[in-house]
Every structure is written in C-alpha cells, then in structure tokens.
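# Descriptive analysis of the structure
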Protein chains: 2
Amino acid sequence: MAERDGFFPQTSQNTVKRLPQRGHYDRATIYPILDAAFVCHVAFVQDGQPFIIPTLYARQDDSILLHGATTSRMLRHAESGGALSIAVTLVDGIVLARSVFHHSINYRSVVVFGHGRLIDAPEAKTAALAAFTEKLLPGRWDDARPPHPNESKATSVIAVEIESASAKIRAGDPGDDEEDLALPIWAGVLPIAQHYGPPIPAPNLAPDIPLPDYLSDYLDRQNQNAAP
Amino acid sequence: MAERDGFFPQTSQNTVKRLPQRGHYDRATIYPILDAAFVCHVAFVQDGQPFIIPTLYARQDDSILLHGATTSRMLRHAESGGALSIAVTLVDGIVLARSVFHHSINYRSVVVFGHGRLIDAPEAKTAALAAFTEKLLPGRWDDARPPHPNESKATSVIAVEIESASAKIRAGDPGDDEEDLALPIWAGVLPIAQHYGPPIPAPNLAPDIPLPDYLSDYLDRQNQNAAP
C-alpha cells in the first residue's frame, strides 16, 4: 500500500481490526502518544515463547530507543536484530455505560513493529542517553553529571526503527444503545490523569541546593495539562 | 524448584535477571499490583512474529481474565491455548539522581506466563463479566444493566492460569555513587500517581439521576490512596 506523507503504511500487521474507526496511522497522532508515556512494553520471541518486558524508552525521529545493561536478555535479542513489537498505553478515564456491555476505558495506545540495531558510535550513543534523560525531565541532561566512559560502556543502546505502527484511541462519552438511554442508571466518564506530587529531596541532599527552575516549571506544566 | 506457599516457582522464564534484588515471586506482592492497574499488555507469537496488544483484564484467583469480541486475533490465539506473556506496569515516580547513569523511575511491574482457555460455561462466563465490571468500578455490576444473551455471545472470555509470574519493584530515593553526593545537583524523586477528576455525566443522562454512592466513595478512596 502506498505510504502517504506522515503516515505509516497499513499492512495486515499493524491494521486495527477491532473497532477500526479507532485506528490511526499518522505520525501526528502516534508520536505525541509515544512522547507522553514513560514506560513501553517490548515483546519478543525466544525459542518460540513470547516474552514481554516493561522498560523506559525515548523516541528519536522515527526510532524508539531502548537501553539497559549490556547483559539484558531483551537488549541482546534486540541487538541481534530480532523482531520486536512495542506498545505504549495511556489510560484517560473509566467509561460507565448503562449496560455492562458498553463499559470501557478511554485510552490512547500505540503499537510499533520493528527490528533493533545497536547504537555504538560515541556521538550517537551520547545523543541517545541525552534523549532518555530529557524524556524523564526536560532540562535535566545539562544539569546532571554526564556518564563516565565505563558507565556508557555498561549500557547498551538499541534503536528500533518504526517500520509500522498504529494508534488506537477511545475518547468521550459512553456509547449506550438507544433502548438503554431511559434506564435509571448513572452513566458518564471518570477522568483519570497522572498527577505529580511535590518533589521529595534525597535524604542526603545538601540543604542549600534549590529545586531547579526547569523542574518546577515542568511540574506546573504537567499538572496543568493533566488536570482531569 | 520447590514451590513455597504463596510463591510462584522460580524458573529461567520468570526469574528477574537484571537487578535481582528488585524481583518478587509471592502472590502477596504480585496480586495487589495486578489488582491496581486497568490495562495489561498481552504478548503472543504468530508465524514467528511477536505481537503485543493492550487490553482490559481482571484477576480471578490464580488466573488473569481477558475478554473482547469473539473475532479478536489475540483472543482467538489465546483460546487455542497459545503461549502468552502478560505484563502490567504502574509508574510511581521519576528518580532524579546526580548522575545521568542513576536516573530511573519508581515502578511496580508484573510479568505473567501462561496459556489461555476459553470460559464458555454460562455461570463462569457471567462471573468473569462481573469481575471485569467490578474491576472498573466496585459496586457497578449490581447497578448496571446485565448483559443480554446476544451480548454475552458476542464476547469471548479467556482465563489465563498464572503458571509463573514475577514482580519487579523500584521504590525510594536515588542511588547515587558515593563520590557524586557532594555535587551541587538537586536529587530526589518526583512522585507520580493516577488521580481521578470529577465525574462527567453523559450528555444524555437524565438530570434526576444522582451520582451513585459507590462511585463517590470509590473516588474519595482512590484519590486519597493516590495522593503523591
């Protein structure tokens, strides 16, 4: 199938089959979801058995970066070019319909297919480590102590080029059947959002070290955006 | 390996290899994590390719229940007894160390291995549908309109017996190296928790239908527990 600008081609692999109206294939929908979550789940096959591993990640252009100890089974598999499927899901609310059948959640999820490739060149590896750090907290890379060579060496970085991807999104009100609308049952949505609490300084933090501006700004921004 | 009471046996499949001190194998640790999340990620193999699907689930004793349309590829695979790996992850905070290398998140995750089995007997199927509904909102099953026979028929329910499982947990302060403690860099944890916003009534909800007590009680409880 021809690829439109900004769209991933739809194949049998990535096409959303259940409730296809919830499926999206454009980067403009998929990438903000990838950028909003912290943890992805990576699936891979070893000796015919499916394995799934939750892990931190970062998106860099059209790739998902994974990292961890060089000894990680998942990373060794990814490094050897094995097929991966990676998913990210954000839960936005509980959908309470009048009927049990139409209960659901509001969510944004992305599923990616690709193959891993080791990032070994020093500059590319440093850029990847910066991407992980900046994803956790924008502004952090320039403040924190950079990796020592031995730390960098103990860390494998894998780039998974996004070969195909799809997003699936449910938003909005419950979808009750017409004949259920008059039932005397409360229906609606309970919004859910991730909120940040007040930062907890490390117990061994010197008391004269203030909270950095990039951190307090980030908290304000996240909690405003998240307000359900 | 002998199974202790309440513990899943440790095998090469479920043993936490990276940072083994974060691994747990007892039901008392694993089940509250499974009970706290809404979405799991199910990995399965088809034609040698790993697939991953985010989906709602519920735990019932030593099984994870999955459900969906009878046409779902994942459920058909599960129904046929194919091997599954299922993961659930809760993010509790961002861990900001002085060094980039020790940045992390606080999290609770569970990985389960098992095989699916169709739940077809009417009573067991109804009990499973109740478990899904009660997981979304305790008290909801007795209030919402029960499934019609055709709705029940259109839904596949699969039980995945938890054959092996592990939890992996990180909590608490950053783990900086001794020689980094004097660096003038803020270190600590940004707690993250899921908060519920005010319920949004369906636009077509009759104005005389009040918010049910089980719902407002649940919101209070969740938001108190979640307060980061």
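Note that the coordinates shown come from a computational prediction; the quantities given were computed from them, not determined experimentally. (Residues numbered from 1 in each chain as written. Chains lettered and ligands numbered in written order. Predicted model: local features only at pLDDT ≥ 70, side-chain atom pairs only at ≥ 80, totals over all residues. Heavy atoms only, no water.)

## Here's the deal with the domain arrangement of chain A
Residue and element names in this part refer to chain A. Here chain A is described as being made up of domain 1 (20-192) and domain 2 (194-228). Distance between the C-alpha centres of domain 1 and domain 2: 24 Å. Each partner contributes residues to the interface: domain 1 has 8 residues there, and domain 2 has 8 residues. Carbon and sulfur atoms supply 65% of the area buried between domain 1 and domain 2, which totals about 680 Å² over both sides. Among the residues domain 1 hides against domain 2, the three largest losses belong to Phe38, Leu137 and Pro138. Together they make up 53% of the total. Along the contact surface separating domain 1 from domain 2 lie 0 salt bridges. For the pair domain 1 and domain 2, the interface holds 2 residue pairs in polar contact (both at pLDDT 80 or more). Tallied by class, the residues present in the side of domain 1 that touches domain 2 amount to 5 nonpolar, 1 polar and 2 charged. (Domains from an automatic or database assignment. Contact = heavy atoms within 4.5 Å. Buried area = accessible area lost by both parts, 1.4 Å probe. Salt bridge = Lys/Arg side-chain N within 4 Å of Asp/Glu carboxyl O. Polar contact = N/O pair within 3.5 Å; in protein donor to acceptor, adjacent residues only side chain to side chain. Nonpolar A, V, L, I, M, F, W, Y, C, P; charged D, E, K, R; others polar.)

## Topic: the relation of the copies chain B and chain A
You can overlay chain B on chain A at an RMSD of 0.0 Å; the transform is a turn of 180° with a shift of 0.0 Å along its axis. Such a combination of rotation and displacement between the chain copies is what one expects of a two-fold axis. Residues of chain B ranked by C-alpha distance from the rotation axis are headed by Gln194 of chain B, positioned 2.2 Å from it. Residue by residue, 99% of the interface of chain B is reproduced at the interface of chain A, so both copies engage with the same surface. (Least-squares fit on C-alpha atoms with pLDDT ≥ 70 in both.)

## Some words on the interface of chain B and chain A
Counting from both sides, the interface comprises 90 residues of chain B and, opposite them, 89 residues of chain A. For the pair chain B and chain A, the summed buried area comes to about 7,500 Å², and 68% of that belongs to carbon and sulfur atoms. A salt bridge links Asp180 of chain B to Arg145 of chain A; the shortest N-O distance between them is 2.5 Å. Put simply, chain B and chain A have 30 residue pairs in polar contact (both at pLDDT 80 or more) between them. For the side of chain B that touches chain A, the elements supplying multiple residues, two or more each, are strand S2 (39-46), strand S3 (49-60), strand S5 (83-96), strand S6 (104-118), helix H3 (122-136), strand S9 (188-196), strand S10 (200-201) and helix H5 (213-226) of chain B. Considering every element that reaches the side of chain B that touches chain A, the biggest residue donor is S5 of chain B, with 10 residues. A class-by-class count of the residues in the side of chain B that touches chain A yields 59 nonpolar, 20 polar and 11 charged. (Helix = DSSP H or I, 4+ residues; strand = E, 2+ residues; numbered from the N terminus.)

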